[in-house]
Amino acid sequence: KEATALQAELLAGRVDCAPNVTNLTPDTFKSLGQNANLKVDQFAGANIVYVGFNVKVAPLNEVKFRQAVAYAIDRERIIRDLLLGQAKIAHSILPAESWAYVPGQVYAFDPGKAKQLLDELGMKDPDGDGPQMRLPKPIIFKMSGGSAATRQYGAIIQDYLKKVGIPVEIETLEANTLTDQHVKGEYQMVTRMSVGGNQDPIFLRDLFATSGIPAPGGTGFNRSRYSNPELDPILDAAANSADPTKAKELYAKAQEIVSRDVPMFTLWYPSIMIISRKNVGGVTMKADGDWSFARNLTVQ
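Everything numeric here is computed off the predicted structure, so don't read it as measured data.

S.K.: Please clarify how the packing of helix α4 (residues 75–82) against helix α6 (residues 148–163) should be interpreted in this entry.
M.R.: When two helices pack together, their arrangement is given by the angle between the helix axes and the distance between those axes. Interhelical geometry of α4 versus α6 gives an angle of 140 degrees and a closest axis separation of 12 Å. For the pair α4 and α6, the crossing hand works out as right-handed. Together, R77, I78 and L82 of α4 and Q152, Y153, I156, I157 and Y160 of α6 make up the contact between the two elements. Split into classes, the residues belonging to the contact of α4 with α6 amount to six nonpolar, one polar and one charged.

See below:
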């Protein structure tokens with residue numbers, strides 16, 4: 001799980017194949033691909049990297065604040081310059097290949113719009129000397145400390161938010177601790193990757209229906225704690241519809257609502273990166289990260 005240890009094992013030849021690696025930095029993939037004994041394969045992925053908001057705590061409970069965060073982040077530049085093209089921008093929790101996909105409200109990089117939304121919330125700098133927001137303390141942005149890639153892009157997001165006047169403090173946690181706090185709602189902002197399930201649009205109900213909010217001591221996938229009485233019946237009707245055309249219309253409406261309210265901000269679909277020794281054959285992987293290809297691997 002720890003990036004440095006994985007890299008050392010690969011270089012030492014003690015690992016033959018590392019499928020769907022997510023904790024190494026893009027430049028590390030490039031470096032490992034130049035090793036005489038290793039190869040790096042890249043495939044289109046459907047999993048989602050996102051920024052999650054706890055919509056029950058201020059100021060994340062304000063839709064305009066969440067929208068401001070979305071407008072403040074230049075995802076295209078991060079994908080190009082940091083991720084080295086190892087991802088594709090995401091406008092929905094569903095992959096673009098899904099039969100029910102619609103982009104909904106698209107948040108192109110627009111720091112001016114972000115500042116305008118913050119001004120409308122009364123968060124303008126009272127002295128007029130700069131864009132510092134009137135918050136009692138910085139927003140705590142939690143992420144996994146074991147992923148070098150996450151720490152890199154997390155720091156860039158922190159800088160983007162600072163530029164529009166949102167002070168952010170990064171807190172890195174061990175993966176299990178991060179999951180526990182995420183489920184319990186003990187966070188303001190978090191960045192994580194959602195793995196699997198999102199190719200079926202019923203996943204929208206899991207993530208955004210009121211019924212998906214984790215109960216105390218329980219589990220649930222609506223960890224943003226987002227509840228919208230307009231959305232709930234739409235998601236139920238879509239999930240229970242036997243008419244694909246009607247279901248698609250309902251899921252499209254659901255994605256429009258979710259993208260408008262931004263309970264989570266989808267960043268990108270990371271490419272599936274597989275590192276293996278050059279004597280390993282049959283390396284491939286579907287967009288959902290399924291491991292069924294492993295039965296066809298060969299070692300010469």
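S.K.: Which parts of the structure should I look at to understand helix α3 (residues 63–72)?
M.R.: Along an α-helix, residues three or four positions apart point the same way, because every turn accommodates 3.6 residues. For α3, the tally of buried residues reaches eight of ten residues, placing the bulk of the element in the interior. Those residues of α3 that fall on the buried side of the exposure criterion are F65, R66, Q67, A68, V69, A70, Y71 and A72. Considering only its buried residues, α3 is in contact with β3 (48–53), α5 (111–120), β5 (139–144), α6, α10 (244–261) and β8 (264–270).

S.K.: Can you help me understand the pattern of salt bridges in this one?
M.R.: Under the criterion given, the structure shown has ten salt bridges. Linked by salt bridges that have partners in common, R77, R80 and D81 make up one network.

S.K.: What's the story with the sheet that holds strand β4 (residues 87–89) in this structure? I'm lost.
M.R.: Remark on secondary structure: sheet strands pair via backbone hydrogen bonds, oriented parallel or antiparallel. Reading across the sheet, the six strands line up as β4-β8-β3-β7-β5-β6 and stay open at both edges, with mixed pairing between neighbours. Unpaired on one side and paired on the other, β4 and β6 (168–173) mark the two borders of the sheet. Across this sheet, the average inter-strand angle for adjacent strands is 25 degrees, counted without regard to direction. Direction of pairing for β3 relative to β8: antiparallel, over a ladder of four bridges. Looking across to β8, one finds that Y50 is bridged to T266.

S.K.: Where do I start with the side chain of D261 in this structure?
M.R.: In this fold, D261 is placed in helix α10. Note on D261: relative accessible area 9%, which makes it buried. Side-chain polar atoms of D261 contact the side chain of R260, separated by 3.0 Å. The residues touching D261, leaving out its near neighbours within four places in the chain, are V63, R66, Y226 and N228.

S.K.: Would you mind going over the packing of α3 against α5 with me for this structure?
M.R.: Contact geometry for α3 and α5: axes closest at 7 Å, N-to-C directions at 165 degrees. It follows that α3 is roughly antiparallel to α5 by the angle criterion. The crossing of α3 and α5 is left-handed. Here K64, F65, Q67, A68, Y71 and A72 of α3 lie close against α5, whose contacting residues are P111, K113, A114, L117, L118 and E120.

About the cut-offs
- Residues numbered from 1 in each chain as written.
- Predicted model: local features only at pLDDT ≥ 70, side-chain atom pairs only at ≥ 80, totals over all residues.
- Heavy atoms only, no water.
- Axes fitted to C-alpha atoms, helices over the stretch in contact; angles between N-to-C directions.
- Helix = DSSP H or I, 4+ residues; strand = E, 2+ residues; numbered from the N terminus.
- Left-handed = near helix turned anticlockwise from the far one by under 90°.
- Contact = heavy atoms within 4.5 Å.
- Nonpolar A, V, L, I, M, F, W, Y, C, P; charged D, E, K, R; others polar.
- Buried < 20%, exposed > 50% of the residue type's maximum accessible area, 1.4 Å probe, protein only.
- Salt bridge = Lys/Arg side-chain N within 4 Å of Asp/Glu carboxyl O.
- Pairing = 2+ DSSP bridges.
- Polar contact = N/O pair within 3.5 Å; in protein donor to acceptor, adjacent residues only side chain to side chain.
- Parallel < 35°, antiparallel > 145°, perpendicular 65-115°, else oblique.

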